[in-house]
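# Per-entry structural report
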Amino acid sequence: MPGYVGRFAPTPSGPLHFGSLIAASASFLDAKSHRGQWLVRVDDIDTPRVVPGASNQILEQLVDYGFEWDGEVVYQSDRLQSYHAALDLLRSKHLTYACSCSRKQVLQRCNTTVYDGFCRQKNQRFTAQNSERFKLSDACLMFVDIFQGQQQLDTKAELGDFILKRSDGFFAYHLVCAVDDLNQGVTHVIRGYDLIQSTFAQIELTKALSGVTLQYGHHPLVFNPQKIKYSKSANSPPITKQNLKENLILMLKFLNQSPPDDLAAAEVGEIWQWAIQHWQRDKVARSEGFQP
């Protein structure tokens, strides 16, 4: 697949856990099995969530586990000018509007976080106190997921006009993710099932900004015995060097790649070599997630 560019974009709110390993591995294997590039980007735009030292810890964990990325690591906190430029472009196309609604007001009015377009026709000024939203069409959106098959979404009922810049001045995830993917020439985004809905928003943004549509694949999530998704907010235990090879084999089994029994005795480089050579997209489960 000439020109394949994939990426892994962790948030430095804590160290990588087993769920993070699945996300990094799935994107890495899909890129390398297609002889593509694999980039690492640190999504540190939401500074209140950033844990000091977490970025370096994440990069060290990736190195420990045998990941090799192409090019320099990109930090979103260094790219504010690009986000301002993208927002200006969307404004010039009349695809954004100022919104004075708080999250609490939206919940009280709609009984959901899906925005109802209350401020869309108000023509309010863009001020530091207002958030800025993207004007979605009312059409049903669709895309074909690499792992999960065809996906569709009723934008008005399930997504709503989403925020591009928050009232506290921070750029929102959808905007920075779309801008960075375009800027880095990303062609394929492989990540967890919990981000499928985000994909609809980002597809609309990349089309609005450049006319480009990327390919997306969402792998199953890792759940603990209490059926809680592995996450940093759930204090899921970090991956360590002590159980490195065990975790890599477990990762391959979770992604349904059927590693042979003798692979557990191989060196880390050999495990990755086997995994790249035998990577099969169609074996990845069509599932929201499960316990490994």
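First, a word on scope: everything that follows refers to the structure included in this document. (Residues numbered from 1 in each chain as written. Predicted model: local features only at pLDDT ≥ 70, side-chain atom pairs only at ≥ 80, totals over all residues. Heavy atoms only, no water.)

### Some points on the pairing of strand 4 (residues 96-99)
- The two faces of strand 4 match: T96 and A98 on one face and Y97 and C99 on the other face are all buried.
- As defined by bridge partners, strand 4 adjoins strand 5 (residues 131-134) across four bridges and the pair is classed as antiparallel. Across the sheet, the residue bridging to C99 is S131, located in strand 5. (Buried < 20%, exposed > 50% of the residue type's maximum accessible area, 1.4 Å probe, protein only. Helix = DSSP H or I, 4+ residues; strand = E, 2+ residues; numbered from the N terminus. Pairing = 2+ DSSP bridges.)

### Examining the packing of helix 8 (residues 244-254) against helix 9 (residues 268-277)
- Interaxial distance between helix 8 and helix 9 falls to 10 Å at its minimum, and their mutual angle equals 10 degrees. In terms of orientation, helix 8 lies roughly parallel with respect to helix 9. Between helix 8, through L244, K245, L248, I249, M251 and L252, and helix 9, the contact on the second element is made entirely by V268, I271, W272, W274 and A275.
- Classifying every residue of the contact of helix 8 with helix 9 gives 10 nonpolar, no polar and one charged. (Axes fitted to C-alpha atoms, helices over the stretch in contact; angles between N-to-C directions. Parallel < 35°, antiparallel > 145°, perpendicular 65-115°, else oblique. Contact = heavy atoms within 4.5 Å. Nonpolar A, V, L, I, M, F, W, Y, C, P; charged D, E, K, R; others polar.)

### Thoughts on helix 3 (residues 80-92)
- The terminal C-alpha atoms of helix 3, which comprises 13 residues, lie 19 Å apart, in line with the 18 Å expected from a rise of 1.5 Å per residue.
- Looking at the buried positions of helix 3, the neighbouring elements they touch are strand 4, strand 5, strand 8 (163-165), helix 6 (173-183) and helix 7 (196-210).
- Just downstream of helix 3, H94 is the residue with a positive phi angle, here 60 degrees. (Expected span 1.5 Å × (residues − 1).)

### Quick look at the sheet that holds strand 4
- The antiparallel open sheet is built from three strands, whose spatial order is 4-5-8. Each end of this open sheet is capped by a strand with a single partner; those strands are strand 4 and strand 8. Shown here is a sheet whose adjacent strand axes are inclined to one another by a mean of 40 degrees, direction ignored.
- Contacts from helix 3 reach strand 4, strand 5 and strand 8 within the one sheet, and its direction differs from that of strand 8 by about 125 degrees.

### What about the side chain of S27?
- Examined against the element boundaries, S27 turns out to sit in helix 1 (residues 18-33).
- The buried category is assigned to S27, whose relative accessible area is 1%.
- One polar contact links S27 to W38, side chain to side chain, over a distance of 3.0 Å. (Polar contact = N/O pair within 3.5 Å; in protein donor to acceptor, adjacent residues only side chain to side chain.)

### Re the environment of A24
- Summarising the element assignment, A24 is placed in helix 1.
- Overall, A24 belongs to the buried group, its relative accessible area being 1%.
- In contact with A24, other than residues within four places in its own chain, are F8, W38, L62 and F67.

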